[in-house]
Structures are given as C-alpha cells and as structure tokens.
Amino acid sequence: MKKKEKTNVMRLLDQHKIAYESHFYMGSGAVAGLDVAAVLGQDPAQVFKTLVTVGKSGQHYVFVVPVVCELDLKKAAEAVGEKKIEMIREKELLPLTGYVHGGCSPVGMKKQFPTVIDRSAEQHQTIMVSGGKVGCQVELELRQLEKAVPIRIADVAIRTDG
C-alpha cells in the first residue's frame, strides 16, 4: 500500500472532518498487535485491536481493547446487557463487517454495531486503531473517534502482559 492511498476508514474520517494520522507498516511482517506497536514505535497500551462478538441474543457487538490486553467476556457481556457473549468465528468476519482479520476497524463496518472501547483509552491523548487494511493504522483522539462511531466506554479488558 502506498502511503498516499486512502482506505475507506480514512475517507470516512475525512467526511466527518476528523483529524487523524495514518501509519503504514506493510512488508514489516508484523501481524500481532504487539508486533505492530513495536514496528510503529508506539506504546502498545495506545494501540487498540477491534474484536467482534455475538451475544446470546444473536446481536453483534464490537469491542476495542489495547493489544496488551484480552477481552474479558464476562465484563463485556455485562457492558452490553447480555448474559453471555463469544467471539465470532474468523470466517464470519468479512461477510459481517467488510473487514479481514488483522484489518478490522471500528470505523466503516458494513453495519454499525454497538461499540464499546476499553476505559484505558481515556488515559491517552491519542489511540491507534486499524485503518481498515492489514498494514495500516490510524491515530486519533478518542473524542474524535466518537464523531465517526457511536461508542460506549467501559472496563472490558484484562491486561495480559504482566
């Protein structure tokens, strides 16, 4: 991907007049979130991954958590008022969201699902989320992200890096 190439995520952010900075890491071999943070020279606590779940009710939910964390399914279910939620299968991701694994962004999904961002995002001036393609991240302020995606803030992550 060329640096000047715009993804759908960037076009949507531009439409909403949201300031962001794009970061590209194609060809680095980085796939896992911690590797992406390292390649981009970013604090892994500021780099967020987008996870798609389904509740017992059949409703889908999006959770955005730091790459140094895992989603706490119990806290996540509580945050959205479900008895239980589980991760969707990888093969369901593209048809449901329009994104592939590793390139899933909370911005610009085929359908807008209830979206919850881990409370830790409030500790950072900016956070990074997928730019909508593997090899691309966008960095923006949490309050700016709220202009593009209706979000709820909740404690839904478990830190996994000690």
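Refer to the structure printed above.
Let me begin by describing the structure that accompanies this report. (Residues numbered from 1 in each chain as written. Predicted model: local features only at pLDDT ≥ 70, side-chain atom pairs only at ≥ 80, totals over all residues. Heavy atoms only, no water.)

Buried residues dominate strand β8 (residues 136-140), accounting for 5 of its 5 residues. The side-chain alternation of β8 yields two buried faces, one formed by C136, V138 and L140 and the other by Q137 and E139. Pairing between strand β7 (residues 127-130) and β8: 4 bridges, direction antiparallel. Each residue of the ladder has a partner; that of I127, found in β8, is L140. (Buried < 20%, exposed > 50% of the residue type's maximum accessible area, 1.4 Å probe, protein only. Helix = DSSP H or I, 4+ residues; strand = E, 2+ residues; numbered from the N terminus. Pairing = 2+ DSSP bridges.)

Membership of the largest hydrophobic core comes to 32 residues, with the highest contact counts inside it found for L13, V52, I117, V138 and L140. Excluding its chain neighbours within four sequence positions, the residues that come into contact with L140 are L13, I18, A19, Y20, T126, I127, V129 and L145. Formed by 15 residues, the second largest nonpolar core is a distinct cluster that contains Y61, A76, A154 and V156. (Core = buried A, V, L, I, M, F, W, Y, C linked by side-chain atoms within 4.5 Å. Contact = heavy atoms within 4.5 Å.)

Relative to the helices and strands, I158 resides in strand β10 (residues 157-159). Judged by its relative accessible area of 38%, I158 falls in the partly exposed class. Separated by 80 residues in sequence, I158 and E78 place their C-alpha atoms 14 Å apart. Filtering out sequence-adjacent residues up to four positions away, I158 remains in contact with V68, C69, E70 and D72.

This part covers helix α2 (residues 33-40). Within α2, the full set of buried residues consists of V36, A37 and L40. Relative to the axis of α2, the buried residues are bounded by an arc of 100 degrees and lie together on one face. For α2, the elements touching its buried residues are β1 (21-24), β7 and β8. Looking one or two residues past α2, G41 carries a phi angle of roughly 65 degrees, positive in sign. (Arc of directions from axis to C-beta.)

Looking now at the sheet that holds strand β2 (residues 48-55). The 5 strands lie next to each other as β5-β2-β3-β6-β9, forming an open sheet whose pairing is mixed. Of all the strands in the sheet, the pair left with one neighbour each is β5 (85-87) and β9 (151-154). For this sheet, the mean inter-axis angle between neighbouring strands, taken without regard to orientation, is 35 degrees. Sheet analysis places β2 next to β5, joined by 3 bridges and oriented antiparallel. Bridge pairing links T53 to M87 in β5. The strands that helix α3 (residues 73-80) touches are β3 (60-66), β5, β6 (115-118) and β9; relative to β5, the one it contacts most, it runs at about 125 degrees. (Axes fitted to C-alpha atoms, helices over the stretch in contact; angles between N-to-C directions.)

By the secondary structure assignment, D155 is in the loop between β9 and β10. Excluding residues that lie within four positions of it along the chain, D155 makes contacts with K75, D118 and R119. Here K75 takes part through its side chain, which lies 3.2 Å from a polar atom of the side chain of D155. (Polar contact = N/O pair within 3.5 Å; in protein donor to acceptor, adjacent residues only side chain to side chain.)

Glancing now at helix α1 (residues 8-15). Residues V9, M10 and L13 constitute the buried set of α1. Looking straight down α1, one finds that the buried residues subtend no more than 95 degrees of arc, so they occupy a single side. Relative to its buried face, α1 has exposed residues pointing more than 90 degrees away, namely N8 and Q15. Where α1 is buried, its residues touch β1, β7, β8 and α5 (142-148). One or two residues past the end of α1 sits K17, with phi positive at roughly 55 degrees.

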